[in-house]
Amino acid sequence: MAFDYEKYIRPGKLPHIWCPGCGHGIVMKGLIRAIDTVGLKKENTAIVSGIGCASRLPGYMDCCTLHTAHGRAAAFATGVKMARPEMDVILVGGDGDGTAIGGNHFIHACRRNINMTYIILNNKIYGMTGGQFSPATPTGDKASTTPYGNPDPPFDIAKLAIGAGATFVARGTAFHANQIDKLITEAIQHKGFSVVEILDDCPTTYGRRNKFKSVIEMMNHLKDIAVPVKAAEKMSPEQLKGKVLTGVLYKEEKPEYTEEYAKVIQRAQAAK
Amino acid sequence: MAKKVAFLQGNEAAAHGALYAGCKFFAGYPITPSTEVAEVMSLELPKVGGKFIQMEDEIGAMSALIGASLTGSKVLTSTSGPGLSLKQEIIGYACITEVPCVIVNVMRGGPSTGMPTGPSQSDLMCAKWGTHGDHPAICLTPASVQEIFEETVRAFNLAEKYRTPVMIMPDEIVAHMRERIVFPEPGELEVVDRAPVTVPPEKYKPYDTSFGDIPPLAAFGSGYKFHVTGLNKMADGFPTTKAEYVQAEEERQVRKVEANKADIMKWEEYKVDDADIVIVACGSTSRSARYAVDVARKQGIKAGLFRLITFWPFPEDRLLEISKKVKAFITPEMNLGMTHGIVKGCIEGNAPVLGIFRVDGEPINPEQLIDKMKEVK
């Protein structure tokens, strides 16, 4: 039997706002399959986002959904999780929202290792505002505010998350649709702050400025550059040039923040 | 049984007032001169099973606060000038999404870093106009340690009752001075809780105006699923750009406070009835003013004090009434004329308004006030 996505979609809220060829819908379907696999209860799941194309995702989901201010999803979500640790909290947002204006909240959520899953849909650009360069736009690429080519070096978002203390970091692409739900499933099941970056280039405001003739060409590009971490172990640095590692990039067990705060409460009450 | 009496600082009293009101969540960021509020909350909240978190910045603290409030907690943050500026975007978010929260803002010299340890009353306009767009504003300005406690309880009551942010803004003098405080017994002060949701989850809408101007707010994690967004929204919480919804929702958000001004406004009139000169003041400045009124009366000057306990909404109608029978108003304040401008604006030219403005980090003393009274013809 075909998978029933509608069980998790809010009645009457489709069609979505995303452009034809955008990968955000592929990621949303992956997220839905993951939620179903893990068995999260809709009324006990908070999906929190900031501002941007990707941040419109929670509105379509039939859960407790919080569409916050630009860049602030991780901070709002921290408040939700701290106040009600029994809720499952998932964050969704783009590369600009999460690593530029929201960069501070992002790294500190990683550092605290608070039990939430952050799905970053990296489309390499500010799509909703018309294609300005983001911290994920490759050097030299064209954006509406880099007409002569981007002088900025980009972040490696997964490395940033690992460096900041996230205890589960994975990367996939919109092309590898069947892998997305597996990565998100594992991220949700991990206890601690988990980050899943999905490469999901924007066809409308990034692709057309950067010599991708079609969405198919962009998708094929994602397929070509992706190298699973296992396969990469057998490849030379030359072979890996221009490639991007996919799969689970990092995983470790560390004390989780809300559990540590529960101990603070115990200590305070014992001392009372 | 004798009541519990303590010798407390204003900031400490704010924290204890919050706990009395049932606050269960605090998010903040260190900033002088409000830090003691956070310190007391970090000590006391876990004892009652509440949560304290020090966030990475002021915006993050305000954001975490709204997230926590949406799960049903009563929430508090504390800050001061520069922090209030940073929090403004999320204060606007709380206004449009109608999420209750209380913000203690201890007023220090500004703008920018200004005078972090010096007193001021220069955030009064920021409390109303700081965040962009039309929105409701409630701001309380207590003048003693006891009053900080009681007004913090009232701030929570107003936030929960009207589903909106409430600011409590002691100036640095009131926040840092120590005074005797008598702790109210449980049940002695009114404590208002969030209105209960009376419909089942499948029928719930977060902005359903069939319940009136202030629809009940359900809690995330309590079985209710709903959408919250900072975009202009419809009854079900989903975004809209339809003119009829946007206009009606904007007006309702402001009306929640405007139509309930009588419940929110609070002031004290001291010897105003037969006064020729009425001082309009709040916070520590009102303490100098009260002293000056007594001294002036002994010298034969019929002075009175109109003390603002609620600053926003401002008691325009009452001041207009008083203006018809006085020779002059005096507005002493630790800023360059914020109360002065508002008073002038609401009394229709019935009396002159003389200002005393100090931004040098020194309090306004009674002598300055008496000298000013003598200028009145």
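What counts and how
Residues numbered from 1 in each chain as written. Chains lettered and ligands numbered in written order. Predicted model: local features only at pLDDT ≥ 70, side-chain atom pairs only at ≥ 80, totals over all residues. Pairing = 2+ DSSP bridges. Helix = DSSP H or I, 4+ residues; strand = E, 2+ residues; numbered from the N terminus. Axes fitted to C-alpha atoms, helices over the stretch in contact; angles between N-to-C directions. Contact = placed C-beta atoms within 7 Å. Buried ≥ 20, exposed ≤ 12 C-beta atoms within 10 Å, placed from the backbone. Arc of directions from axis to C-beta. Parallel < 35°, antiparallel > 145°, perpendicular 65-115°, else oblique. Left-handed = near helix turned anticlockwise from the far one by under 90°. Domains from an automatic or database assignment.

Draft legend 1. How the structure looks around the sheet that holds strand β1 (residues 45-49) of chain A. Strands sit in the order β9(A)-β10(A)-β7(A)-β8(A)-β4(A)-β3(A)-β1(A)-β2(A)-β11(B) across an open sheet of 9 strands; the sheet is mixed. This sheet does not close on itself; its edge strands, each paired only once, are β9 (226-228) of chain A together with β11 (227-229) of chain B. Put simply, the sheet's adjacent strands are angled 20 degrees from each other on average, direction ignored. Sheet topology note: the strand β7 (residues 168-173) of chain A/strand β10 (residues 244-251) of chain A ladder contains 4 bridges and is antiparallel. Bridged to Ala170(A) within β10(A) is Val248(A). The sheet contacts of helix α1 (residues 24-38) of chain A involve β1, β4 (116-122) and β8 (193-199) of chain A, and relative to β4(A) the element is tilted by about 160 degrees.

Draft legend 2. Quick peek at helix α13 (residues 366-374) of chain B. All names here are of chain B. If you check which residues of α13 are buried, you get Leu369, Lys372 and Met373. Across the axial projection of α13, the buried residues extend over an arc of 105 degrees, all falling on one side. Turned more than 90 degrees away from the buried face of α13 sit Glu367, Asp371 and Lys374, all of them exposed. Each element contacted by the buried residues of α13 is listed here: β13 (277-281), α10 (283-298), β14 (303-308), β16 (328-333) and β17 (353-357).

Draft legend 3. Region of the structure containing the packing of α10(B) against α13(B). Residue and element names in this part refer to chain B. Two numbers describe how α10 lies on α13: the axes approach to 8 Å, and their chain directions differ by 50 degrees. Taken together, the axis directions place α10 and α13 in an arrangement best described as oblique. Considering how the two elements wind past one another, α10 and α13 form a crossing that is right-handed. Across the interface between the two elements, Ser288, Ala289, Tyr291, Ala292, Val295 and Ala296 of α10 pack against Pro366, Leu369, Ile370 and Met373 of α13.

Draft legend 4. Region of the structure containing the domain arrangement of chain B. Residues and elements named next belong to chain B. Splitting chain B by domain gives domain 1 (1-264) and domain 2 (267-374). For domain 1 and domain 2, the distance between their C-alpha centroids amounts to 28 Å. Domain 1 puts 27 residues into the contact, and the matching count from domain 2 is 21 residues. At the level of elements, β7 (115-119), α5 (124-129), β8 (139-140), α7 (172-176), α8 (243-258) and α9 (261-264) are the ones that each hand at least two residues to the side of domain 1 that touches domain 2. At 4 residues, the largest contribution of residues to the side of domain 1 that touches domain 2 is made by α5.

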